[in-house]
Amino acid sequence: QVQLVESGGGLVQAGGSLRLSCAASGRTFSTYAMGWFRQAPGKEREFVARVSWSGSSIYYADSVKGRFTISRDNAKNMVYLQMNSLKPEDTAVYYCAADSRSRGVVRVTAATSYDYWGQGTQVTVSS
């Protein structure tokens with residue numbers, strides 16, 4: 001079992017930056033691909049970014065390409081999402097998720113493909 005805890009959410013003005021962190025437990029963390037998802041009120045949970053277990057393969061949703069950066073530090077059991085040039089439409093609850101099953105697949109964007117989830121952290125971008 002893997003426990004994930006997000007942090008770093010908050011209120012930021014449009015154009016600003018915010019860094020989300022995800023702390024993971026378990027010795028097998030480094031073998032899992034990790035993803036970030038977000039869910040705004042009245043909308044379905046949507047894929048944001050994914051990073052392979054080694055950190056060598058990264059995939060972003062088109063809506064965040066060029067603005068967000070996902071990274072991981074397996075030595076620290078941490079995953080990060082650096083968010084720059086934030087827009088009001090980025091406002092959502094952001095979730096960290098782990099995928100223990102997919103192998104050799106880069107573009108895994110379905111929430112159902114991820115086994116473990118954090119509790120979420122609220123990101124609000126004011127206009």
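Everything that follows concerns the structure shown earlier in this document.
So, here is what we can say about the structure in this document. Residue indices follow the written sequence of each chain, beginning from 1 at its first position. pLDDT decides what is reported in this predicted model: residues at 70 or higher carry local features, side-chain atom pairs at 80 or more are listed and counted, and totals for whole chains, interfaces and linings draw on all residues regardless. Neither water nor hydrogens contribute to the side-chain values; these are computed over all heavy atoms in the structure.

A few points about the overall build of the protein chain
At step 1: Runs of H or I in DSSP of at least four residues are treated as helices and runs of E of at least two as strands, each being numbered from the N terminus. The helix and strand inventory of the protein chain stands at 0 helices and 11 strands.
At step 2: Ordered by position in the sequence, the α and β elements of the protein chain form the string β-β-β-β-β-β-β-β-β-β-β.
At step 3: Taking 2.2 N^0.38 as the reference for a compact globule, 127 residues should give roughly 14 Å; the C-alpha atoms of the protein chain span a radius of gyration of 13 Å, in line with that estimate.
At step 4: With respect to the three principal axes, the spread of C-alpha positions in the protein chain is 40 × 25 × 25 Å.
At step 5: By the convention used here, residues are in contact when the closest approach between their heavy atoms is within 4.5 Å. Looking at the protein chain alone, contacts between residues at least 24 apart form 58% of all its contacts between residues at least 6 apart.
At step 6: In this count, Lys and Arg are taken as positive residues and Asp and Glu as negative ones, while His and the chain termini are left out. A charged residue contributes its charge at one atom only: NZ of Lys, CZ of Arg, CG of Asp or CD of Glu. Distance between charge centroids for the protein chain: 5 Å, based on 14 positive and 9 negative side chains. Both definitions apply: the radius of gyration is a C-alpha atom measure, and the globule rule equals 2.2 Å times residues to the power 0.38.

Considering the nonpolar core
At step 1: Of all hydrophobic cores here, the largest spans 37 residues; its most connected members are Leu4, Met34, Trp36, Leu81, Met83 and Tyr94.
At step 2: Breaking this core down by element, the ones donating at least two residues are β3 (18-24), β4 (33-39), β5 (46-51), β6 (58-60), β7 (68-73), β8 (78-83), β9 (92-99) and β11 (121-126).
At step 3: Of the residues forming this core, the biggest block, 5 residues, is contributed by β9.
At step 4: When neighbours within four sequence positions are excluded, leucine 4 is seen to be in contact with Cys22, Ala23, Ala24, Met34, Cys96, Ala97, Ala98, Tyr116, Trp117, Gly118 and Gln119. Here the nonpolar core consists of buried residues drawn from Ala, Val, Leu, Ile, Met, Phe, Trp, Tyr and Cys, with membership extended through side-chain atoms lying within 4.5 Å. Buried, partly exposed and exposed residues are distinguished by accessible area as a fraction of the type maximum, computed with a 1.4 Å probe on protein chains only: under 20%, between the cut-offs, and over 50%, respectively.

Re the pattern of salt bridges
At step 1: A pairing counts as a salt bridge when a side-chain nitrogen of Lys or Arg comes within 4 Å of a carboxyl oxygen of Asp or Glu. Throughout the structure, instances matching the rule amount to 6 salt bridges.
At step 2: Of the charged contacts, one joins arginine 38 and glutamate 46 as a salt bridge, the two residues approaching to 2.7 Å between their closest N and O atoms.
At step 3: Taking the relative accessible area as the measure of exposure, arginine 38 reaches 5% and is therefore buried.
At step 4: The salt bridge partner of aspartate 90 is arginine 67, with a shortest N-O separation of 2.7 Å. Of this pair, aspartate 90 sits in the loop between β8 and β9 while arginine 67 sits in the loop between β6 and β7, placing them 23 residues apart in sequence. Judged on exposure class, the residue aspartate 90 and its partner arginine 67 are both buried.
At step 5: Within the structure, one salt-bridge network assembled from shared partners comprises Arg38, Glu46, Arg67 and Asp90.

Examining the packing of aromatic side chains
At step 1: Here the aromatic set is Phe, Tyr and Trp, taking the six-membered ring for Trp, and pairing holds for ring centres within 6.5 Å; pairs whose planes are under 30 degrees apart are stacked, those over 60 apart are edge-to-face, and all others are tilted. Within this structure, the stated rule accounts for 7 aromatic pairs.
At step 2: Taking the centre distance of 5.6 Å and the plane angle of 25° together, the rings of phenylalanine 47 and tyrosine 59 count as stacked. Taken together, the residues span a long stretch of sequence, with phenylalanine 47 in strand β5 and tyrosine 59 in strand β6 at a distance of 12 residues. Here phenylalanine 47 and tyrosine 59 have matching classes, each one buried.
At step 3: Here the aromatic residues Phe37, Phe47, Tyr59, Tyr95, Tyr114 and Trp117 are joined through ring pairs into a cluster of three or more.
At step 4: Our definition puts a charge over a ring when NZ of Lys or CZ of Arg is within 6 Å of the ring centre and also within 35 degrees of the ring normal. Positioned above the aromatic ring of tryptophan 117 is the side chain of arginine 45, whose terminal nitrogen or guanidinium carbon lies 4.9 Å from the ring centre.

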